Amino acid sequence: MFTTRPDTLFGATYMVLAPEHPLISSLLELARKQPRINGRIRSARVEVLDPSGKSLGIMDLSEAIGFARQRGVDLIEVGVKQNVSICFAQDYGGFRDLRVRLNQQVGAIQKYRDLVAAKSDLERTELAKEKTGVWTGAYATNPVNGEKIPIWIADYVLASYGTGAIMAVPAHDERDWEFAKEFYLPIVEVVSKESVPPDVSGDWPAGSPSQRSVDLVSAGGRNLYAGGDVRPPEACYVGDGFGINSTSGALSLNGLPTAEAKEKIVAWLESKGLGTKTINYKLRDWLFSRQRYWGEPFPIVWKEDANGDLFHEALPESALPVLPPAPDDYTPTADGQPPLARATDWVELPDGSVRETNTMPQWAGSCWYYLRYLDSANASSFVSTAAESYWMSPSSLSPLLSPVSPFLPSSGVDLYVGGTEHAVLHLLYARFWHKVLFDLGHVSTPEPFFKLVNQGLILGEDGQKMSKSRGNVVNPDDILNEYGADALRLFEMFMGPLSDVKPWNTQGVAGVYKFLGRVWRLFVDEAAETAFEQALVTAEVAAQPALLQSVPVGASLQESPATPAQLKALHACIKKVTEDLEGMRFNTAISAMMIFVNEAMTWGVKPVSVLRTFLQLLAPFAPHLAEELWEKLNVRSLPAESLSYVAWPAYDPSLLVEDTLEIPVQVNGKLRAVIQVPAAAANAELESAALAAEKIQPFLAGKTVKKIIVVPRKLVNVIAA
RNA sequence: GCCGCUGUGGCGAAAUGGCAGACGCAGGGGACUUAAAAUCCCCAGAUCGUAAGAUCGUGCGGGUUCGAGUCCCGCCAGCGGCACCA
């Protein structure tokens, strides 16, 4: 039995086994078969168990019978394992009663197990909120007070977690509370929110429900507890508090805060050999194996033991890596075996063992490739110690960088981007694997990733999640063929904030494609463009790139000095794009570039220096187009060098200073006029200019000005009444 | 149930507490064209008005403030993740 709240042991009024729990099978077996007792046991060797199931050792039959007789109990066989008889040493009378009750319940138990087995995982976990269960007919003994508590089976207890068996404390666990209400099981409060002095928090009450209402069979399987000595609490309380109703001759937890009560009861249980403290780690079991070819094969082989039962074995390190065979056919076999099963030469090993034919999912590789990238050519190790520590370890950072600032470049992977749906689990596993590697001493940090950004899901054009069944899937390949990689990339960034969920819109791609066309025409001569398009129609495919390169830049591009207005437009764009990239606001960075291009299109003379810098801003968003135009510009001016190696431009704030400002004027908080003032205007000048504005006069007529609020360079608000 | 995100025009969206709707899509009008496409220019939140203009307007209800899409309190709705983990 497993619990995280040992302090509530006095409040355990029943216990629950998972329906699949092996003990249930043993109980059913017990009900069906008349057990052999004492002299009728056939095996020569006997493992003796005390009534709690604890093994007292294996001995010869005669010795075991003597052992039992000496203590006035019987030896009851409950099973045989490897020619050794498993026997309880306890009074047969009580045991017979149990068999009687089990036999009464056996039909119900089997029916319930069948019902549960028929349920899908979905039904059992996500949908099934209603509690179901069946009493087994058996009782357990609560070690702290000797109470008999009924053992139920219910599917709200999972066989796969803990021990698949729980003590139910309905007063302090929501699930137990619901179950107890459903089946009228007793509820005893043992934790109080408020501190209660030990002397007034009552003893385990006489005539408590578990003593009074044990005969569940006679009550039709239901414990009709109707109040009395212990009034059930009005609501379930799962928080910490102070022990009440938790005293027996053996020990008392009354008045103790939860943390102390836990310590005390655990110490007591351990001293009696009734339990041990343990730490339980949880890791979600994400279906790991696939019946596909494309994935890493498992380094696992299957063998048969003496009884012909299959068991699996890990291959030794010397057998790694396990490389997949290259079959002719990558489809599953007719009888549903994975594709690898086709490669019988590969599957069957000389010693008669057989390889696992399922493969790992793709994320098995992606959980650690950030490490492999650090040293991808290394043939002897997945990453060398030197490379790992250079890239991943904080101590390798340049001493010029202060180690205390959290804003400076970090060690490890700076940024992990992924949608929640995928990244929650992938990230969880990647971190888990990294921690395993850390514990094994292969990496120098326990955490690989510095920052997480969840990008938003792209929905279908109908605003619903893309799925084959809805028929709203957009294939990026089609977009790529129609509009090119730059347009696809640009549109994905233009749609909205990175982390927002947003619907796809193919017409929107056409929009940014149009923008890229405008950029192209900003640089390229219109006549040359027309000539190029006509030539393209008849050109051989192989000749097309050369044709593209031969298109000259437009005559309006000149090596002339930029005007102040042009510099202002450029530097405003640099500022916005630089800051937005830093904050991953790609959509507004792109709109800033659109604004720049819209303006630049109107320039009669386009200074090459300005357009060249603009291309650098565009490059991260539309790398192909930017690089192409960069080459054209440089053929004409500078020696050609890839755009990727040129330092990011800086902006000059002095170029962005405005001479005059448009200042909104409000009357009583409502916008009534906009005035033009010199950028350097003092507050008093703003006030008088505002009051003098023609458009605000009607709103001041017949009123007195009470107050004027001036926000320098921003706004004037006249309060009048 | 727990956790997270999001509510602003017909649509995607923008807005250090200070002119709500930048930029773009769809739409309307015009130019070019024999015509269409492409391209270029203009209009475009709603209501009333011929117009100038006025009023209303950022999911809902309160609050703070000269001023709230933005801050505070309380709701509602949608989306996503996790989920009888004792």
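Since we're looking at a predicted model, the values are computed, not measured.

Cut-off values and rules
- Residues numbered from 1 in each chain as written.
- Chains lettered and ligands numbered in written order.
- Predicted model: local features only at pLDDT ≥ 70, side-chain atom pairs only at ≥ 80, totals over all residues.
- Heavy atoms only, no water.
- Helix = DSSP H or I, 4+ residues; strand = E, 2+ residues; numbered from the N terminus.
- Buried < 20%, exposed > 50% of the residue type's maximum accessible area, 1.4 Å probe, protein only.
- Contact = heavy atoms within 4.5 Å.
- Areas by Shrake-Rupley, 256 points an atom, 1.4 Å probe, with all protein chains shown as cover.
- Polar contact = N/O pair within 3.5 Å; in protein donor to acceptor, adjacent residues only side chain to side chain.
- Pairing = 2+ DSSP bridges.
- Axes fitted to C-alpha atoms, helices over the stretch in contact; angles between N-to-C directions.
- Salt bridge = Lys/Arg side-chain N within 4 Å of Asp/Glu carboxyl O.

S.K.: Please explain the overall build of chain A as it appears in this structure.
M.R.: Looking only at helices and strands, chain A features 23 helices and 23 strands. In chain A, which comprises 721 residues, the share counted as buried stands at 41%. For chain A, contacts bridging at least 24 residues in sequence account for 62% of all contacts bridging at least 6. Total accessible area computed for chain A in this model is approximately 40600 Å², and 55% of it derives from carbon and sulfur atoms.

S.K.: Any chance you could explain the side chain of Thr333 here in plain terms?
M.R.: Inspection of the secondary structure puts Thr333 in the loop between strand 12 (310-314) and helix 8 (344-347). Of note is the side chain of Thr333, whose polar atom sits 2.8 Å from the backbone nitrogen of Gln337. Among all residues touching Thr333, those that are not within four sequence positions of it are Pro338, Ala341 and Arg342.

S.K.: Any chance you could explain the sheet that holds strand 7 (residues 148-154) here in plain terms?
M.R.: To summarise the sheet geometry, strands pair through backbone hydrogen bonds and adopt either a parallel or an antiparallel arrangement. Taking strand neighbours across the sheet as the criterion, the four strands line up as 6-7-1-8 in an open arrangement whose pairing is mixed. What marks the edges here is a single partner per strand, and that holds for strand 6 (133-141) and strand 8 (165-168). Between one strand and the next, the sheet's axes are offset by a mean angle of 30 degrees, whatever the strand orientation. Inspection of the sheet shows strand 6 paired to strand 7 by six bridges, in the antiparallel sense. Looking at the pairing, Gly133 lines up with Ala154 of strand 7.

S.K.: It is not clear to me how the pattern of salt bridges should be interpreted in this structure. Could you clarify?
M.R.: Close approach of charged atoms allows side chains of opposite charge to pair. Enumeration according to the criterion identifies 16 salt bridges in this entry. Residues Lys303 and Asp351 are paired through a salt bridge, measuring 3.9 Å at the closest nitrogen-oxygen approach. Pair noted here: Lys303 is in strand 11 (residues 300-304) and Asp351 is in the loop between helix 8 and strand 13 (354-355), with a separation of 48 residues, a long-range link. For Lys303, a relative accessible area of 24% translates into the label partly exposed. In this structure, the salt-bridge partner of Lys576 is Asp580, at a minimum N-O distance of 3.3 Å. Taken as a pair, Lys576 and Asp580 lie in helix 18 (residues 564-582) at a separation of four residues, close to a single helical turn. Where salt bridges share partners, they join Glu29, Arg32 and Lys33 into one cluster.

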